[in-house]
Amino acid sequence: MHCFGAEYQVSAERTPREREWRPQIYRKCTDTIWLSLFFLFWTGLVFIMGYSVAAGATGRLLFGYDSFGNVCGKKNSPVEGAPLSGQDMTLKKHVFFMNSCNLEVKDVRLSSTVLCVSSCPEEQLDTLEEVQLFANNSGSFLCVYSLNSFNYTQNPNAGSLCPSLPVPPSKPFPLFNRCIPQTPECYSVFASVLINDVDALHRILSGIMSGRDTILGLCILALALSLAVMFTFRFVTTLLVHIFIALVVLGLLFVCGVLWWLYYDYTYDLSIELDTERENMECLLGFAIVSTVVTAVLLVLIFVLRKRIKLTVELFRVINKAIGSSPFLLFQPLWTFAILIFFWVLWVAVLLSLGTAGAAQVIEGGQVEYKPLSGIRYMWWYHLIGLIWTSEFILACQQMTTAGAVATCYFNRNKNDPPDRPILSSLSVLFCYHLGTVVKGSFVITVVRIPRTVLVYMCNALKEKQRSVWSRYVFKCCFCCFWCLDRCLRHLNQNAYTTTAINATDFCASAKDALKLLSKNSSHFTSVNRFGDFIIFLGKVLVVCFTVFGGLMAFNYNRALQVWAIPLLLVAFLAYLVAHSFLSVFETVLDALFLCFTVDLETNDGSSEKPYFMDQEFLSFVTRINKLNDPRAQKDKNSLRKEEGTELRPIVR
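Source: prediction; values computed, not measured. (Residues numbered from 1 in each chain as written. Predicted model: local features only at pLDDT ≥ 70, side-chain atom pairs only at ≥ 80, totals over all residues. Heavy atoms only, no water.)

### Quick word on the pattern of salt bridges
Using the following cut-off: Salt bridge, as applied in this entry: a Lys or Arg side-chain nitrogen positioned within 4 Å of an Asp or Glu carboxyl oxygen. By the criteria applied, helices consist of DSSP H or I runs no shorter than four residues and strands consist of E runs no shorter than two, each listed in order from the N terminus. The buried label goes to any residue with under 20% of its type's maximum accessible area, the exposed label to any with over 50%, and the partly exposed label to all in between, with areas taken from a 1.4 Å probe on protein chains only.
By the definition in use, this model includes 5 salt bridges. Here Arg490 ties to Glu392 by a salt bridge, and the two come within 2.7 Å at their closest N and O atoms. Note that Arg490 is positioned in helix α14 (residues 469-503) and Glu392 in helix α12 (residues 376-410), a separation of 98 residues in sequence. Comparing Arg490 with Glu392 shows no difference in burial state: the two are buried. Across the salt bridge formed by Arg490 and Asp486, the nearest N and O atoms sit 3.0 Å from each other. A residue pair is termed a helical-turn pair when its members lie 3 or 4 positions apart in one helix, as Arg490 and Asp486 do in helix α14 at 4 residues. By relative accessible area, which is 17% here, Arg490 ends up buried. Members of the salt-bridge network, linked through shared partners, are Glu392, Asp486, Arg487 and Arg490.

Laid out in structure tokens, this is it:
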């Protein structure tokens, strides 16, 4: 059955000039050129992975390093021309600045010598004798490695080889494992110079890495919440829907309140010396405004649509019956989630390696500094496109597989004898024929997301400059337009995937046919379909709300020296993707079911020669929807009836 260019055709008919709907009887490879392009793109990603492994040094970012090229907490290789490099720092895990109270940046590097030490001095050291005593008692040597501890008080050059006196008390902090001075005057100088002058990407990456355990725990929380919501949808009742909506409302209001409270707390407890504090406060304000607007819109929609709850319960019963014919659809998101987690971990690892890629250069005094390699910034952007495109491709494969399984079960005459292994059958059809279509559809979403990412980057780059009200308004309007376009294209892609699974046409032809068919039959199901999608979207909102709340509580405890607003945004993004991976099963089944219904109407008329594929329960549900939404639907009541009869034969128009 496998092919790349050949056609497999069960029906001997030739496709006429006006394409016919022939569900499950015609199959060919689609959009093979796009599959080749995706393979070439991933060849570039593999090259970047190899380059990052060869040129990157993630350990420098995670563990910190001294002025001589040694990574703290690791056994190092020597750097040619640097006699103090290549030392075993396994027991020396903390980064110590010899002049932490008078840090300066000269020629994009710190003027202070940096050492790896086994522990930070927790009490102030006023003399070299105290520094020597601290070294003898703790085994933590605060002078340059070439000076032995018994010479601290005897060597005439000890003033330049040992830390500036007095040595302030300090404590280790996970940001590069630095020893952070605790006295107010030293802390303000240390933070304003070191934290603010660190590259923005490194600040963000260090914030992510310092909170990596929290991020992983919140992803697991999002997974548990998604499973709970999916269980609610699977065994839905009117009471459960009311409880679910109440939880969504409470979650939205609670998260909004917490965001505004934290912003108020930052405005009255803000160290103006720290860029991280200012960035956290600005991000909090943005989060609070966005969450308030989203909450207001959703509350209005919930109030307007509250009378359709009973209809929603019937809708989910129809969906659950379709899922019942292939119950393993509910477990399909598990492998999707596992693949996404593996890919994201790999992506972050490569990003960290790229962020630390640099060539070691020996400067005066035998010290070592790392110069960023040329072309790294371009690799970051290529790597970002790979994240978006590949993530969308994985999710699109799940949508296509689900749509194919639903179509296989729907276009089955004998409802009492469902097809064997519809998911495996749909998956095999996807890999043998339609991977190119999935690649093309995911690329369309990627093309829309790239300008949004560029807009965000431009806004951040220009935030320090005086921008007019008009320019800010244009940025916001463009961002909203791209967001709306993204939503519309996602829905169009879903229908295109379902059409490809039904009729085996390429992406553009499928999108065109689906749009034409749905426009022709929109009166049958548009309102109830949209309301069902809205309830599923509320499930995703519920997962994101409670996950973000957990992130707010966890990250707010370490606010001083890390940009935790970025990890929180990453948590919200990952929580939404996790929720989307699981709950999109219901969304995909709903959209695929109604598209199959419209194809059924298009190719059959309910007569004994051309009976409908839909069962009586689904037929009755659609009839009730027609009565509620359009009085003219009563005219079609007599034309919608369930009869046993012949196999499907397309109508030639």
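More follows now that the structure is in view.
### Things to note about empty space enclosed by the protein
What counts here: Cavities and pockets are defined on a 1 Å grid built over the protein atoms alone: a cavity is a set of grid points where a 1.4 Å probe fits but cannot escape, while a pocket is an open set with protein on both sides within 12 Å along at least five of seven lines, and lining residues are those with an atom within 4 Å of any such point. Grid points are joined across faces, edges and corners, and a volume is the space filled by probe spheres set on the points.
Overall, the coordinates contain 6 cavities of 30 Å³ or more when judged by the stated rule. Its boundaries defined by the atoms lining it, the second largest cavity holds a volume of some 50 Å³. Per-element accounting of the lining of the second largest cavity gives the leading share, 4 residues, to helix α16 (residues 522-555).

### Details of the pairing of strand β6 (residues 114-117)
To keep things clear, this is the line we draw: The rule for pairing is simple: two strands pair if DSSP sees at least two bridges between them.
Neither face of β6 is left uncovered, since the one carrying Val114 and Cys116 and the one carrying Leu115 and Val117 both have all their residues buried. Pairing between strand β3 (residues 94-97) and β6: 4 bridges, direction antiparallel. Residue pairing for β6: Phe97 is matched across the bridge by Val114.

### Points about α12
Just so we agree on the cut-off: In this scheme, a helix's expected span is set at 1.5 Å multiplied by one less than its residue total.
The end-to-end C-alpha distance of α12 is 51 Å, a good match for the 51 Å that 35 residues give at a rise of 1.5 Å each. Taken across its 35 residues, α12 has 29 buried, putting it largely inside the fold.

### Comments concerning the side chain of Gln398
Put simply, the rule is: Only heavy atoms enter the contact rule, under which two residues are in contact if any of them lie within 4.5 Å.
In this fold, Gln398 is placed in helix α12. The class of Gln398 is buried, set by a relative accessible area of 1%. What Gln398 contacts, discounting residues up to four positions off in sequence, is Gln332, Pro333, Thr336, Ser581, Ser584 and Val585.

### With respect to the environment of Ile289
Along the polypeptide, Ile289 turns up in helix α9 (residues 275-304). Looking at Ile289, the relative accessible area reads 42%, which means it is partly exposed. For the pair Ile289 and Leu259, spaced 30 residues apart in sequence, the C-alpha separation works out to 9.0 Å.

### Remarks on the confidence of the model for the protein chain
The criterion, for reference: A residue's pLDDT is simply how confident the predictor is in it, with values from 0 to 100.
A residue-level look at the protein chain finds 77% of positions with pLDDT of 70 or above and a mean pLDDT of 77. Highest mean pLDDT in the protein chain belongs to β6 (91); lowest belongs to strand β1 (residues 7-9) (39). This model gives residues 1-17 a pLDDT under 50, and the stretch forms 28 contacts once residues within four places in sequence are excluded. For residues 632-653, every residue scores under 50 in pLDDT, and the model assigns this stretch 53 contacts once sequence neighbours within four places are set aside.

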